[in-house]
Amino acid sequence: MDEQYDVVVMGTGLTECILSGLLSIEGKKVLHLDRNDYYGGESASLNLTQLYRQFRDGASPPAELGRDRDYNVDLIPKFMMANGELVKILTHTDVTRYLEFKQIAGSYVYRDGKIAKVPATEMEAVNSPLMGLLEKRRAKKFFEFVQTYKQDDPSTHEGMDAAVTSMDAVYKHFGLEPGTIDFIGHALALHLEDSYLSRPALETFERITLYMSSMARWGKSPYLYPRYGLSELPQGFARLSAIYGGTYMLDKKVDEIVYENGKVVGVRSGEEVAKCTQVICDPSYASEKTRKAHRVIRAICVLKGPIPNTEDVDSLQLIIPQNQVNRKNDIYIASVSSSHNVCEKNHQLAIVSTVIETDKPEEEIAPGLALLGPIADKFIQIADICEPVQDGKEDNVFISKSYDATSHFETVCDDVKDLYKRITGNDLVLKQRPTQEEEQQEMTKEN
Ligand SMILES: *[C@@H]1O[C@H](CO)[C@@H](O)[C@H](O)[C@H]1NC(C)=O
C-alpha cells in the first residue's frame, strides 16, 4: 500500500466501485479500500452469520432459517430499472458478463385498503380493479398524451409546455381522480412524496416513460435483480477495475485522510500511507465533511412464505402511496426469494422502508409490516442519509451520497455522473467496450 496512486477509493458501495472501474479503464492507478471484509459497504448483501453479527451482537442464527450459504440478504432495497441508467452502464462496461439477472415478478400498489397489481399489459389494464370504467378512459387519454409528448414538437403539447406547466395542472386538464394521481405519481413515476405536483411536468413525464418502457421490455415488472444479491453489482465493477490494474484491499482499517496545504496527499492505515492526488469515498469515511439530509428506517424481514394477496409471486415491489396512509412519504416494500439465490427455499425476504417523519419510526412502517404475512425474524435499521457539504474540487476529496429511499438505482447513477464530472472535469461518456465474445475473437486472432 506504501505507493503513489492517482486515486484512493474508500468504501465498496456501488457508486465507489463504478467510479474505480471507470477510472481504471482510463489508465488511472487506483487503490480501493474497505474497512469491512465484504464488498458493498452500506449496501452489502450479508449471509446469516454476518447479519446476526451486525444486528444481534453475534448471536447464532436459528436453525429453522436453514443454511448460511443460501442467504444473501441486502441491507438496502433497490431494483434496477430494465431501461435505466445502471443497465446502460453495465452493458457499456460489459460488466454484465460477471452477472446474471432475474426479473422481479410483479409491481403492486396499495389503494383503498387493498393490494392491486400495477397493470403490465393492455389486457391487465382493461381488467384492473384500480380504476372505474370512466376513469380508465381519462387515464388512457393521459397516457397517450405523455407517450406522444415531445418537448421539441409543440404540436404534441395540447397547449401545455411541460417545461413550465406544473404536473398538477396536467392532471387537472385530464380530470383525473385523487387516487389515480396517487397511483401515477407514486407507483409509476416513483415520486416519494408530493412536492413534484407543483414542479414542471417534464420530469414526471420522463419518469413515467422510463417506467413504461422498462415494463414493456420484459413484460412482468420494470425491474431486474442480480442473482445472489445486490453485492454482486459492486463486485462486478471491482473485477473490471482489477482487469485494468486496480488494487482492492478488504478488511483494511482507514485511520486518516492526510492533507498538505488543504489538499489531500494520501490515506493512512496504521503505519502505512498510500500517497495519492485524489480520494473518492462514501460519507462514512469522511463524516466531518458531510451533513445529514434526513433519516430512513428499513425493516429487513425473513418471511415464512410469499406475501399474501399477491398471487404468491416470488418477488415484488409494493408501494404504499403516502396519501393512502396519511403520511408525507411513501412506504416501500421490496421482496426477493430463493429464485434469486438470496434465501432458503421455504422463506422469502422483504424489506419495508420509508423516510422517517416522527420520533416513533417503527410505528411508521407498521402499515407495511401488516401486509407481509407471518414473519420469522425482523431486523430494524435506522440510517442517516448523508451528503457532502462541498463538491471536493478544493481539497480533492470527492464524497458520494448515501443511498436514498428510492426503490431503484437512478439517483445512484446521477451521483456517479456528477462525481465523475467533478473528478475528471469531463462529462461521463460511455463508450461501448468489446464484449467477451469480441475480446476472445481478438485474442484468437493474435495467437
Ligand atoms: C458468512 O460470512 C462469514 C463472515 O464474513 C464467513 O466467515 C462465512 O464463510 C460466510 N459463510 C458462508 C457459508 O459463505
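Just so you know, the residues in each chain are numbered from 1, in the order the chain's sequence is written. In view of the model being predicted, local features appear only for residues whose pLDDT reaches at least 70, and side-chain atom pairs are presented and counted only at 80 or more, with totals across whole chains, interfaces and linings using the full set of residues. By convention in this description, side-chain values take in all heavy atoms of the structure and omit both hydrogens and water.

- Taking an unreviewed UniProt entry as the reference, the protein chain is identified by name as Rab GDP dissociation inhibitor belonging to Entomortierella parvispora.
- UniProt positions are given in the numbering used here, feature names are shortened, and annotations may be inferred rather than shown by experiment. Reading the Sequence similarities (unreviewed entry) entry of the UniProt record for the protein chain gives the comment "Belongs to the Rab GDI family."

Let's talk about the site of the ligand
Alright, step 1. When at least one non-hydrogen atom of a residue lies within 4 Å of a molecule or strand, that residue is treated as near it. Lining the immediate environment of the ligand, one finds Asp 37, Asn 47, Gln 50, Arg 53, Asp 68 and Arg 69.
Alright, step 2. Pairs of N or O atoms within 3.5 Å make up the polar contacts considered here, provided that, within protein, one atom can donate a hydrogen while the other can accept it, and that residues adjacent in sequence are counted only when both atoms are side-chain atoms. Here an oxygen atom of the ligand sits 2.9 Å away from a polar atom, N or O, in the side chain of Gln 50.
Alright, step 3. In this structure, a nitrogen atom belonging to the ligand sits 3.4 Å away from a side-chain N or O atom of Asp 68.
Alright, step 4. Exposure was quantified through the Shrake-Rupley algorithm and a 1.4 Å probe, taking into account, for residues, occlusion by the shown protein chains and nothing else. Protein burial of the ligand: of its 360 Å² of free accessible surface, 50% is covered by the chains.
Alright, step 5. Each residue gets one of three labels, nonpolar for Ala, Val, Leu, Ile, Met, Phe, Trp, Tyr, Cys and Pro, charged for Asp, Glu, Lys and Arg, and polar for the others, Gly among them. When the residues that make up the shell around the ligand are grouped by side-chain class, the tally is no nonpolar, two polar and four charged.

Structural notes on the domain arrangement of the protein chain
Alright, step 1. Note that domain bounds follow an automatic or database assignment of domains. Here the protein chain is partitioned into domain 1 (7-44 + 231-291 + 386-443), domain 2 (57-80 + 294-385) and domain 3 (119-218).
Alright, step 2. Centre-to-centre separation of domain 1 and domain 2, based on C-alpha positions: 28 Å.
Alright, step 3. Residue contacts are defined here by distance: any two heavy atoms, one from each residue, within 4.5 Å place the two residues in contact. Of the residues lining the interface, 17 residues belong to domain 1; the matching set on domain 2 comes to 15 residues.
Alright, step 4. Buried area is a sum: the accessible area each of two parts loses on coming together, probed at 1.4 Å, counted once for each and added. With both sides pooled, the region where domain 1 packs onto domain 2 buries about 1,300 Å², and carbon together with sulfur makes up 57% of that total.
Alright, step 5. On the domain 1 side of the interface with domain 2, the three residues burying the most area are Ala 405, Ser 407 and Phe 409, jointly 38% of the side's total.
Alright, step 6. For this document, the term salt bridge refers to a Lys or Arg side-chain nitrogen within 4 Å of an Asp or Glu carboxyl oxygen. Here domain 1 and domain 2 share one salt bridge between them.
Alright, step 7. Where domain 1 touches domain 2, the interface holds seven residue pairs in polar contact (both at pLDDT 80 or more).

Side note on the pattern of salt bridges
Alright, step 1. A complete count under the given rule lists 28 salt bridges for this structure.
Alright, step 2. Lys 117 is the partner of Glu 124 in a salt bridge, and the nearest nitrogen-oxygen pair spans 3.2 Å.
Alright, step 3. Look at Glu 124 and you get partly exposed, because its relative accessible area is 31%.
Alright, step 4. Note that Lys 393 and Asp 391 form a salt bridge whose closest N and O atoms lie 3.9 Å from each other.
Alright, step 5. Put simply, Arg 111, Asp 112, Glu 135, Arg 138 and Glu 177 are held in one network by salt bridges that share partners. To sort residues, take the accessible area from a 1.4 Å probe on protein chains only and compare it with the maximum for the residue type: under 20% means buried, over 50% means exposed, and anything in between is partly exposed.

Remarks on helix H8 (residues 202-218)
Alright, step 1. Segments assigned H or I by DSSP are reported as helices when at least four residues long, segments assigned E as strands when at least two residues long, and all are numbered from the N terminus. One less than the number of residues in a helix, times 1.5 Å, gives the span that helix is expected to have. Here H8 spans 25 Å end to end across 17 residues, near enough to the 24 Å set by a 1.5 Å rise per residue.
Alright, step 2. The complete set of buried residues in H8 reads Thr 204, Phe 205, Ile 208, Tyr 211, Ser 214 and Met 215.
Alright, step 3. Those residues of H8 that are buried are in contact with strand E5 (80-81), strand E7 (107-111), helix H5 (133-148), helix H6 (167-174), helix H7 (178-188) and strand E9 (223-226).
Alright, step 4. Once H8 finishes, Gly 219 follows within two positions and takes phi at roughly 90°, a positive value.

Here we look at the sheet that holds E9
Sheets are built from strands paired through backbone hydrogen bonds, the pairs being either parallel or antiparallel.
Alright, step 1. Strands are treated as partners if at least two bridges between them are detected by DSSP. Judged by pairing direction, the sheet is antiparallel, and its three strands sit side by side in the order E5-E9-E6 without closing on themselves. Pairing within the sheet leaves two strands with one partner each, and these edge strands are E5 and strand E6 (101-103).
Alright, step 2. Bridge count between E6 and E9: three bridges; the pairing is antiparallel. For Phe 101, the partnering residue across the bridge sits in E9 and is Pro 226.

Here we look at the packing of aromatic side chains
Alright, step 1. Stacked, tilted and edge-to-face pairs are distinguished by plane angle, under 30 degrees for stacked and over 60 for edge-to-face with tilted covering the rest, among Phe, Tyr and Trp rings (Trp via its six-membered ring) whose centres lie within 6.5 Å. This model, assessed by the stated rule, comprises 13 aromatic pairs.
Alright, step 2. For the pair Tyr 52 and Phe 379, a centre-to-centre distance of 5.3 Å together with 80° between the ring planes defines the contact as edge-to-face. One end of the pair, Tyr 52, is in helix H2 (residues 48-55); the other, Phe 379, is in strand E19 (residues 375-388), and 327 residues separate them in sequence. Of the two residues, Tyr 52 and Phe 379, neither departs from the other in class, the shared state being buried.
Alright, step 3. Centroid distance Phe 79 to Tyr 225: 5.9 Å. Interplanar angle 85°. Geometry classified as edge-to-face. Of this pair, Phe 79 sits in the loop between strand E4 (73-74) and E5 while Tyr 225 sits in strand E9; the two residues are 146 residues apart in sequence, bridging distant segments of the chain.
Alright, step 4. Among the aromatic residues, those joined into a ring-pair cluster are Phe 142, Phe 143, Phe 145, Tyr 149, Tyr 171, Phe 174, Tyr 196 and Phe 205.
Alright, step 5. Lying over the aromatic face of Tyr 5, Lys 29 brings its terminal NZ or CZ to 5.1 Å of the ring centre. To sit over a ring, a charge needs its Lys NZ or Arg CZ within 6 Å of the ring centre and within 35 degrees of the ring normal.

A closer look at unusual backbone geometry
The phi torsion of most residues other than glycine is negative, and most of the peptide bonds are trans.
Alright, step 1. Even without glycine at this site, Asp 251 takes up a positive phi of about 55°.
Alright, step 2. Along the chain, Asp 251 falls in the loop between strand E10 (247-249) and strand E11 (256-260).
Alright, step 3. Given a relative accessible area of 56%, Asp 251 falls into the exposed group.
Alright, step 4. With a phi angle near 50°, Asn 261 is a residue other than glycine that sits in the positive phi range.
Alright, step 5. You can see Asn 261 is positioned in the loop between E11 and strand E12 (263-269).

Notes on the sheet that holds strand E13 (residues 272-275)
Alright, step 1. If you walk across this open sheet you meet the three strands as E11-E12-E13, and the pairing is antiparallel. Each having just a single partner strand, E11 and E13 make up the two edges of the open sheet. Averaged over neighbouring strand pairs, the angle between their axes works out to 35° when direction is ignored.
Alright, step 2. Note that E12 and E13 share four bridges and pair antiparallel. When the bridges of E13 are listed, Ser 269 appears paired with Glu 272. Orientation is described by lines fitted to C-alpha atoms, with helices fitted over the stretch in contact, and by angles between N-to-C directions that extend from 0 to 180 degrees.

Some details on the pairing of strand E2 (residues 30-33)
Alright, step 1. Where burial is concerned, the two faces of E2 agree: the one with Val 30 and His 32 and the one with Leu 31 and Leu 33 are both buried.
Alright, step 2. Handedness of a crossover: with both strands directed away from the viewer, a clockwise path from the first strand across the helix to the second marks it as right-handed. Each parallel crossover has a hand, and the one from strand E1 (residues 7-10) via helix H1 (residues 14-25) to E2 is right-handed.
Alright, step 3. Bridge analysis of E2 against E10 gives three bridges, and the strand direction is parallel. Within E10, the position partnered with Leu 33 by the bridge is Met 249.

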